[in-house]
Amino acid sequence: AGCGGADVATESGRIQLTHVTGDVDAHCVSGRIDVRLDAAADVDAETVSGRISVRLPSGARPHRIETGSPGDRPADCNCTVRAVSVSGRIEVSVT
């Protein structure tokens, strides 16, 4: 079973969220963040040291932000993804 939305944080360790249908806030100091959404929703993911992977469902049209605040979402986008890693790879994909 999935969850609506999630607001999670850890200092050291992996955050893994699957089958999410609502907005996600995921923050860690040292660790990987993996988010898999079953519906288009906003994602704010940030880690100092670690990889971030965000998988959006088919039909999602993300507005991707790599730094700063999201601001206004373009009309042709149905979700916002803000992903920031100081020293790690960032992947955002629509499956």
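For the structure itself, look to the data block above.
In this text, all values refer to a predicted model and were calculated from it rather than measured experimentally.

**Notes on the pattern of salt bridges**
Where charged atoms from two side chains of opposite charge come close, those side chains can pair. Following the criterion strictly, the structure yields six salt bridges and no others. Between R14 and D34 there is a salt bridge whose closest N-O contact spans 2.7 Å. Of this pair, R14 sits in the loop between β1 (6–12) and β2 (15–20) while D34 sits in strand β4 (residues 33–37), and the two are 20 residues apart along the sequence. The exposure class assigned to D34 is buried, which follows from its relative accessible area of 9%. Two residues, R82 and E46, come together in a salt bridge whose shortest N-O distance is 3.4 Å. With R82 in strand β8 (residues 79–85) and E46 in strand β5 (residues 43–49), this pair connects stretches of sequence that are 36 residues apart.

**Concerning the nonpolar core**
Counting 20 residues, the largest nonpolar core has L17, V24, I33, L37, V43, V54 and L56 as the members making the most contacts within it. For L56, the contacting residues outside a window of four places in its chain are L37, A41, P62, C79, V81, V92, S93, V94 and T95.

**Section: the sheet that holds strand β9 (residues 90–94)**
Read from one edge of the open sheet, four strands run β2-β4-β6-β9, paired in parallel fashion. Sheet topology places β2 and β9 at the edges, where each strand pairs with a single neighbour. Taken over all neighbouring pairs, the strand axes of this sheet differ in orientation by 5° on average, direction set aside. Strand direction decides the pairing type here: strand β6 (residues 52–56) and β9, joined by five bridges, are parallel. Pairing of R55 across the sheet is with S93, part of β9.

**A short note on the pairing of β4**
Burial runs high along β4: four of the five residues are buried. Where β2 lies against β4, four bridges are found, and the strand directions are parallel. Bridge pairing links V20 to L37 in β4. In this sheet, β6 lies alongside β4 in parallel orientation, the contact comprising four bridges.

**Regarding the sheet that holds strand β7 (residues 62–65)**
Reading across the sheet, the five strands line up as β1-β3-β5-β8-β7 and stay open at both edges, with parallel pairing between neighbours. Here the strands that pair on one side only, and so sit at the sheet edges, are β1 and β7. Across the sheet, the axes of successive neighbouring strands diverge by a mean angle of 10°, strand direction being ignored. As judged from the five bridges shared by β5 and β8, these two strands associate in the parallel manner. Its bridge partner being in β8, T47 is matched across the sheet by S85.

Conventions we followed
- As a convention, each chain's residues are numbered from 1 in the sequence order in which they are written.
- Only residues with pLDDT of at least 70 get local features here, since the model is predicted, and only at 80 or more are side-chain atom pairs given and counted; chain-wide, interface and lining totals rely on the full set of residues.
- Here the side-chain values reflect all heavy atoms present in the structure, with hydrogen atoms and water set aside.
- Definition used for salt bridges: Asp or Glu carboxyl oxygen within 4 Å of a side-chain nitrogen of Lys or Arg.
- Elements are defined by DSSP. Helices are runs of H or I of four residues or more, strands are runs of E of two residues or more, and each kind is numbered from the N terminus.
- Partly exposed residues are those whose accessible area sits between 20% and 50% of the maximum for their type, while under 20% is buried and over 50% is exposed, using a 1.4 Å probe and protein chains only.
- Here, nonpolar core means buried Ala, Val, Leu, Ile, Met, Phe, Trp, Tyr and Cys residues that are tied together by side-chain atoms lying within 4.5 Å of each other.
- By the convention used here, residues are in contact when the closest approach between their heavy atoms is within 4.5 Å.
- Two strands qualify as a pair provided DSSP detects at least 2 bridges between them.
- The convention used is that axes are lines fitted to C-alpha atoms, helices contributing only their stretch in contact, and that angles between N-to-C directions extend from 0 to 180 degrees.

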